[in-house]
Amino acid sequence: MEKYVINGGKKLSGEVAISGAKNAAVAIIPATILADSPCVIENVPNISDVSMIIRILYEMGASIRPINKSTIEIDTRRIHTPIVPYEMAKHMRASYYLLGSLLGRFHTAKVSMPGGCDFGVRPIDQHLKGFKALGADYSIEHGMIDVHADSLIGSQVYFDVVSVGATINVMLAAVKAQGLTIIENAAKEPHIVDLANFLNSMGADIMGAGTDVIKIRGVEHLNGISYSIIPDQIEAGTYMAAAVATRGDVLIKNIIPKHLEAISAKLEKIGAQIEEFDDSLRVSVPGELVKTSVKTMPHPGFPTDMQPQITAVLTLAKGTSIVTEGVWDNRFRYVDELRRMGADISVDGKVAVVEGREKLTGAPVKATDLRAGAALVIAALAAEGTTEIEDIYHIERGYEEIVNKLRGLGADIKKITIPGGVVRKAL
Ligand code: EPZ
């Protein structure tokens, strides 16, 4: 079993470079299935969710050639099956993007029901509604989703709820369909725009990505290209939050400031000073941290994937803060772990009330999902004393080289391996 051991109380300072966006990479890599020739993808983050999706393509017959640490060439021409093995797909939610890309290419796909973070129901009814609108039929048996279409015809799709996954999956299924597809109430996240840019560079005809109406005119062929993935807005936000929680002074490099507007605005309300440059920003804390209210919303609102991290900051902000989760049903499971560190948080459904405290204290805690784990790292960096974080595999799904990046900012963090399972002990 592996753990992070963090001795907190040190101000983070220095520079950190942000990696490629996880949620763009896990969409763009499956999208290479639609290409008639090899693609070279740059700025690929070295995280387990991405290595998993690459492994799945490889097992399905794609050839993968690493070019350097963050660049791979993917040739999917020899993919021989539209069936994704349950054993592999069950570990990650983003495997459902293989449905859209395999359907788009083969007019058939069989993928296991999605896995991923455990914070409430994670339905796919809107994905299936979109596939049906394009002329596909589907069935769900033995944990597998089976979709098939004799032909894919462009259509109008209105999403009952804003869904990143459903927007991406319908784009993937529609880019080679016959005729015009119009997606209404589409998600507008940066990774949606990144995927649309990638597909358009390959020869697709997609307009309106980043707005709530996306128009896709089907094309015959998509050619392989070289493409660089956008920087990860949530990784950047996580390091911004860590800088604020430790009252540090950090330069966050390789970012797109526009993608961070909602995060920067909220951290400034809490007391951060943020200086923006072309592809970097500097976060420092001149005074004290003060309470605020946050409601997570689809982009351009405050991102739900930053909710646990901002809550960790607010446990140290003077006054009473209110955090409302506007996207997921139950994304406060990590609060129990923060309480073990002295946080004063009460949760009622989708609302958490946070009473700021002078300090947190180190404790043994467990990551319950990817961003919850990030929140525990932030709390541990700010806390007095030592924190041990278990189940760090959640964190390593989405944060490349997090230990080295934090050590580069002066954090006292190390990753240790415990043989077998050791009973959790009070520190
Ligand atoms: C993506 O998940 C992200 N994952 C999530 O990030 C992120 O929290 C979420 O978008 C919202 O931004 C990836 O991109 C791999 P949704 P996704 O479909 O696509 C409901 C992380 O930390 N819904 O936008 O699964 C759903 O229940 C992860 O990187 C339906 O009702 O999220 C939720 O309440 C965690 N029916 C809301 O919509 C559907 O068919 C938003 O879900 C689909 C979704």
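Small disclaimer: the values here were computed from a predicted structure and weren't measured.

Some words on a nonpolar patch on the surface
Step number 1: Among the surface-exposed residues, M113, Y138 and I140 lie close enough to one another that they form a single nonpolar patch of about 250 Å² accessible area.
Step number 2: Following the sequence through the fold, M113 ends up in the loop between β6 (108–112) and α5 (125–133).

Comments concerning the sheet that holds strand β1 (residues 2–7)
Step number 1: The mixed open sheet is built from 4 strands, whose spatial order is β21-β22-β1-β23. Among the strands making up the open sheet, the edge pair consists of β21 (364–366) and β23 (412–417). Strand-to-strand twist of the sheet, defined as the mean angle between neighbouring strand axes without regard to direction, takes the value 25 degrees.
Step number 2: Set on the sheet, helix α12 (residues 370–382) makes contact with β1, β21 and β22 (386–390); between it and β1 the angle comes to about 30 degrees.

Some points on the sheet that holds strand β8 (residues 144–148)
Step number 1: Strand order in this open sheet of 3 strands is β6-β8-β7, and the pairing throughout is antiparallel. Strands with a single pairing partner mark the edges of an open sheet, and in this sheet they are β6 and β7 (137–141). Neighbour-to-neighbour, the strand axes of the sheet open up by a mean angle of 15 degrees, direction not taken into account.
Step number 2: Along the sheet, helix α4 (residues 97–106) contacts β6 and β8; its crossing angle with β6, the most-contacted strand, is approximately 160 degrees.
Step number 3: Packed on one face of the sheet, α5 meets β7 and β8 and runs near 145 degrees to β7.

Basis of the calculations
Residues numbered from 1 in each chain as written. Predicted model: local features only at pLDDT ≥ 70, side-chain atom pairs only at ≥ 80, totals over all residues. Heavy atoms only, no water. Patch = residues over 30% accessible without salt bridge, like charges linked within 9 Å, V, L, I, M, F, W, Y side chains within 5 Å. Areas by Shrake-Rupley, 256 points an atom, 1.4 Å probe, with all protein chains shown as cover. Salt bridge = Lys/Arg side-chain N within 4 Å of Asp/Glu carboxyl O. Helix = DSSP H or I, 4+ residues; strand = E, 2+ residues; numbered from the N terminus. Pairing = 2+ DSSP bridges. Axes fitted to C-alpha atoms, helices over the stretch in contact; angles between N-to-C directions. Contact = heavy atoms within 4.5 Å.

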